[in-house]
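The lines below spell out each chain.
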Amino acid sequence: MLFRSMADSAGMENSEILGLQAAVVAACKFCFKCHHSATSCDIALQRLTDRIEVELSFPGKEKPEGKEKPSIPGVDEIVCEFLEDSSRMRLIKRLAPVA
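Only a predicted model underlies this, so the values are computations on that prediction, with no experimental measurement involved.

### Re a nonpolar patch on the surface
Right, on to step 1. A cluster of nonpolar residues, Leu2, Ile43 and Leu45, forms a patch on the protein surface that exposes about 270 Å² of accessible area.
Right, on to step 2. Residue placement: Leu45 occurs in strand β1 (residues 42–47).

This is the structure in structure tokens:
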């Protein structure tokens, strides 16, 4: 519900919202395939003036060997980070300028 409300308030079209929701599901599936030991993940949403960011965090820093970061429809940019005790994938959806 929070995600939908955030996207609606950002002025996103329904098709864009559904595309972004599908992208989050696809990203979760990709991350769980890469992080076999993970049983859960944290998801953080952030709305900025020009974009919405969805960040997935997994315990452990397993970097997917031989795998490139995924290309996922519905987002404009994907940023992957491998930290000391966790891995993160940030999905970025740019918002259309408000007229």
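### Side note on the side chain of Glu55
Right, on to step 1. Counting through the fold element by element, Glu55 comes out in strand β2 (residues 51–59).
Right, on to step 2. With residues near it in sequence (within four places) discarded, Glu55 still touches Asp42, Ile43, Ala44, Arg88, Met89 and Arg90.

### Quick notes on helix α1 (residues 2–9)
Right, on to step 1. Residues Phe3, Met6 and Ala7 constitute the buried set of α1. When α1 is viewed along its axis, its buried side chains cluster within an angular range of 95° and face the same direction.
Right, on to step 2. Buried-residue contacts for α1 involve α2 (14–34), β1 and β2.
Right, on to step 3. The positive-phi residue at the C-terminal boundary of α1 is Gly11, with phi of around 85°.

### Describing the nonpolar core
Right, on to step 1. In this structure, Met12, Ile52, Val54, Leu56, Val75 and Leu91 are the most contacted members of the largest nonpolar core, which totals 22 residues.
Right, on to step 2. Looking at this core, the elements with two or more residues in it are α1, α2, β2 and β4 (86–94).
Right, on to step 3. Of all the elements, α2 adds the most residues to this core, at seven residues.
Right, on to step 4. Ignoring any residue separated from it by four or fewer positions in sequence, one finds Leu91 in contact with Ala23, Val24, Ala27, Ile52, Glu53, Val54, Val75, Glu77 and Ile78.

### Let's talk about the packing of α1 against α2
Right, on to step 1. Contact geometry for α1 and α2: axes closest at 10 Å, N-to-C directions at 140°. One way to sum up the angle between α1 and α2 is to call them oblique. Crossing handedness for the pair α1 and α2: right-handed. Residues Phe3, Arg4, Ala7 and Asp8 of α1 lie in contact with α2, whose contacting residues are Asn14, Ile17, Leu18, Leu20 and Gln21.
Right, on to step 2. Grouping the amino acids of the contact of α1 with α2 by side-chain chemistry returns five nonpolar, two polar and two charged.

### Section: the sheet that holds β1
Right, on to step 1. One open sheet holds the four strands; their spatial order is β1-β2-β4-β3, and the pairing between them is antiparallel. The sheet is open, and its two borders are formed by β1 and β3 (77–82), each paired with just one other strand. The sheet shows a mean angle of 15° between the axes of neighbouring strands, taken without regard to direction.
Right, on to step 2. The sheet contact formed by β1 and β2 spans six bridges and is antiparallel. What sits directly across from Leu45, in β2, is Val54.
Right, on to step 3. Each of β1 and β2 is contacted by α1, which is oriented at about 20° to β1, the strand it contacts most.

Conventions we followed
- Residues numbered from 1 in each chain as written.
- Predicted model: local features only at pLDDT ≥ 70, side-chain atom pairs only at ≥ 80, totals over all residues.
- Heavy atoms only, no water.
- Patch = residues over 30% accessible without salt bridge, like charges linked within 9 Å, V, L, I, M, F, W, Y side chains within 5 Å.
- Areas by Shrake-Rupley, 256 points an atom, 1.4 Å probe, with all protein chains shown as cover.
- Salt bridge = Lys/Arg side-chain N within 4 Å of Asp/Glu carboxyl O.
- Helix = DSSP H or I, 4+ residues; strand = E, 2+ residues; numbered from the N terminus.
- Contact = heavy atoms within 4.5 Å.
- Buried < 20%, exposed > 50% of the residue type's maximum accessible area, 1.4 Å probe, protein only.
- Arc of directions from axis to C-beta.
- Core = buried A, V, L, I, M, F, W, Y, C linked by side-chain atoms within 4.5 Å.
- Axes fitted to C-alpha atoms, helices over the stretch in contact; angles between N-to-C directions.
- Parallel < 35°, antiparallel > 145°, perpendicular 65-115°, else oblique.
- Left-handed = near helix turned anticlockwise from the far one by under 90°.
- Nonpolar A, V, L, I, M, F, W, Y, C, P; charged D, E, K, R; others polar.
- Pairing = 2+ DSSP bridges.

None of this, on its own, says anything about what the molecule does.
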